[in-house]
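Notes for the structure review
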Amino acid sequence: MGRNVRWSIINVVVILYALIPVVWIASLSFKDPSSITDGSFIPNKWTWSNYSGIFKNDDFVRGLINSIGIGVISTVIAILIGMMAAYAVARLEFPGKNLVLGVSLLISMFPQISLVTPLFQIERSLGLFDTWLGLIIPYITFALPLTIFTLSNFFREIPWDLEKAAKMDGATSAQAFRMVIAPLATPGVVTTAILAFIVCWNDFLFSISLTSTTRARTAPATISFFTGSSQFEDPTGSIAAAAVVITIPIVLFVLFFQRRIVSGLTSGAVKG
Amino acid sequence: MAEIALNNVTKRYADGTLAVDDFNLTIADEEFVILVGPSGCGKSTTLNMIAGLEDISEGELVIDGERVNDRAPRDRDIAMVFQSYALYPHMTVRENIGFPLRLAGMDKAEAGRKIENAAQILDIESLLDRKPAHLSGGQRQRVAMGRAIVRNPKAFLMDEPLSNLDAKLRVQMRTMISRLQNDLGTTTVYVTHDQTEAMTLGDRIVLMRKGIVQQVGAPEELYGKPDNLFVAGFIGSPSMNFMSAEVTGDGLESLLGRTPLSAETRGKLAEHGSPQQVIMGIRPEAFEDVRMVHADERQLTYSGTVNILESLGAEKYVYIDLADTAAVKSEHLAEAFQGSVADPRKAQLVARLDGRSPAREGQRIDLDFTAESIHLFHPETGRNITI
């Protein structure tokens, strides 16, 4: 009994610690400009005007479209390349395998800020500056190590015997991959895709540095350009509302795919 | 239905390890051949080479007169049952069994009929719509068999298919596989490390050690006329008793006393360079409690004290400790005894007696045996001198 109570208290503390900032942002987003600095946790005057305001703001809508487009394209490409690379890493012995893994790990640890200036110069001279492609390319680069590592772990968990069995049953390598390995790897692929998408979706640094107009600027960067209706007015309410809006897709994703992420499809393949 | 021939097949890995060395065997159509040996002897590698899952470094593999070395597994028309069963977890039993037919592009109605038929043979009709995760070990094993038989392949390859089952189920499935192979008459290559499985299932046994074939023959042949120490120690349960012995003129001095050597055996000893020291082997079954043997039929007698007695009802095993000087140290034996109860470093004699024998633990016992049941092995080469 005492054990349960102790755990309940710890759980509540952890949940509060994680949720209070989120709830605070949500609360701010519903506050009227006049009460925004009143410091109360629950808004005294509820209003939707912050939300209707940001969706009337063409820049923000444009930013959302950029975010979704760039994020989805980057994720799809990163997953496709990552799947092939991860499969090779998990299944094949080839010279330089550890080098590939080492380099991808290095990339994921590389401080991104140090790349901003060279990237800025390169993209300007290549004409990629302030374009979707100009953001998609670095996003793929930074999503790939993550996808390769996560996916190769998923592939490793799929018994190799299944693939051999498929080949004995008359499948080509491609058929074995498509009909046996890929369906079993789906939970892994979905999980990895969500993680990769979050990486792209949440990026602020590249978006703010490699764009100059709303052509390719993503939502997080757009928010930083919010202004109040007059120079004496703080855009706090709008920023909070925008922050809530860009958080919602991620929350939905995770909730929706949670079961797939958690459940292992491979049970029952082999004795166990 | 096919004849499979392996001619000088060798497997060498990139790091230089020789997994299979010059393997020669022709498997007749409808034959049931067992590859057996301790772990790491190259039996699974050989099977994988027949399957096409591993490349053949040297030599050739001929199926039905065609060289298939460079053919992909799918083009060899061979089915395989894996130790892990390797069922596709995202497919139902029906889809699992039907997978080879689906890949072959067979039309749905005919595939359905074939699946039903295979399920009927294996008695798994009621399981067709379940997923593998909801099956017991024995049921999974049957589904794996179903996937193999459904497309009527040229040959079955089985890689330790029973080793994940419990003892009772293993015996049942062993009988089922035997009956299935008889009924279907499909050429079968079966890999196991269990000599009982090998003895009971196969038409012929191929016993391997360190990538080299030790002996090929019918189960009785390997049991009765083992080519060398390794075969003698590996085949038979409990294992053959070994002790060192000395050749003295027309007899043999050992812990069993003095045993006469027939003129034939002496001749064979001479052929092998007349070694003074030999290793003597005698099967536990060669002994019998003197009290159970008719006075006229008694031949040679060994007396010892029973240290341990195990009664199985129909038979009794007695263990008699021998003086350590009798212990045989041979690398050929160490591997044969791998995983078995008998400790080759400890000299002991095991005898299998009639269940009615009045033998008691701690008491002296007289054991009857014949000179013919003694095998003599060359101490260095390990070759059987007596055959």
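Computed from a predicted model, the values in this text were never measured in an experiment. (Residues numbered from 1 in each chain as written. Chains lettered and ligands numbered in written order. Predicted model: local features only at pLDDT ≥ 70, side-chain atom pairs only at ≥ 80, totals over all residues.)

Turning our eyes to something else, we now look at the overall build of chain A. Assigned secondary structure in chain A consists of eleven helices and zero strands. Listing each helix as α and each strand as β along chain A from the N terminus yields α-α-α-α-α-α-α-α-α-α-α. Each of the three principal axes of chain A carries a C-alpha extent, and together these read 70 × 65 × 30 Å. Across the 272 residues of chain A, 31% fall into the buried class. Taking the intrachain contacts of chain A between residues at least 6 apart in sequence as the baseline, contacts between residues at least 24 apart amount to 76%. (Helix = DSSP H or I, 4+ residues; strand = E, 2+ residues; numbered from the N terminus. Buried ≥ 20, exposed ≤ 12 C-beta atoms within 10 Å, placed from the backbone. Contact = placed C-beta atoms within 7 Å.)

Residue and element names in this part refer to chain B. Most of helix 1 (residues 43-51) sits out of view: nine of its nine residues are buried. Among the residues of helix 1, those classed as buried are Lys-43, Ser-44, Thr-45, Thr-46, Leu-47, Asn-48, Met-49, Ile-50 and Ala-51. Following helix 1 by one or two positions, Gly-52 has its phi on the positive side, about 100°.

Our next topic: the interface of chain A and chain B. Across the contact, 22 residues belong to chain A and 25 residues belong to chain B. Secondary-structure elements contributing two or more residues to the side of chain A that touches chain B are helix 7 (160-168) and helix 8 (173-202) of chain A. The greatest single-element share of the side of chain A that touches chain B, amounting to six residues, is contributed by helix 7 of chain A. Classifying every residue of the side of chain A that touches chain B gives eleven nonpolar, six polar and five charged. (Nonpolar A, V, L, I, M, F, W, Y, C, P; charged D, E, K, R; others polar.)

Residue and element names in this part refer to chain B. Pairing is mixed across the open sheet formed by six strands, whose spatial order is 6-7-8-3-9-10. A strand with exactly one partner marks an edge of an open sheet, and here the two such strands are strand 6 (78-81) and strand 10 (212-217). Between one strand axis and the next, the sheet turns by 15° as a mean value, whatever way the strands run. In this structure, strand 6 lies alongside strand 7 (residues 155-159), joined through four bridges in parallel fashion. In the strand pairing of strand 7, Val-81 is matched with Met-158. Contacting strand 6 and strand 7, helix 4 (residues 137-149) crosses the sheet at an angle of about 175° to strand 6. (Pairing = 2+ DSSP bridges. Axes fitted to C-alpha atoms, helices over the stretch in contact; angles between N-to-C directions.)

Our focus in this paragraph is the sheet that holds strand 5 (residues 66-67) of chain B. Read across the sheet, four strands follow the order 2-1-4-5 (chain B) without closing on themselves; strand pairing throughout is antiparallel. Among the strands making up the open sheet, the edge pair consists of strand 2 (18-27) and strand 5 of chain B.

Everything listed here is a matter of coordinates, which is why it stays silent on function.
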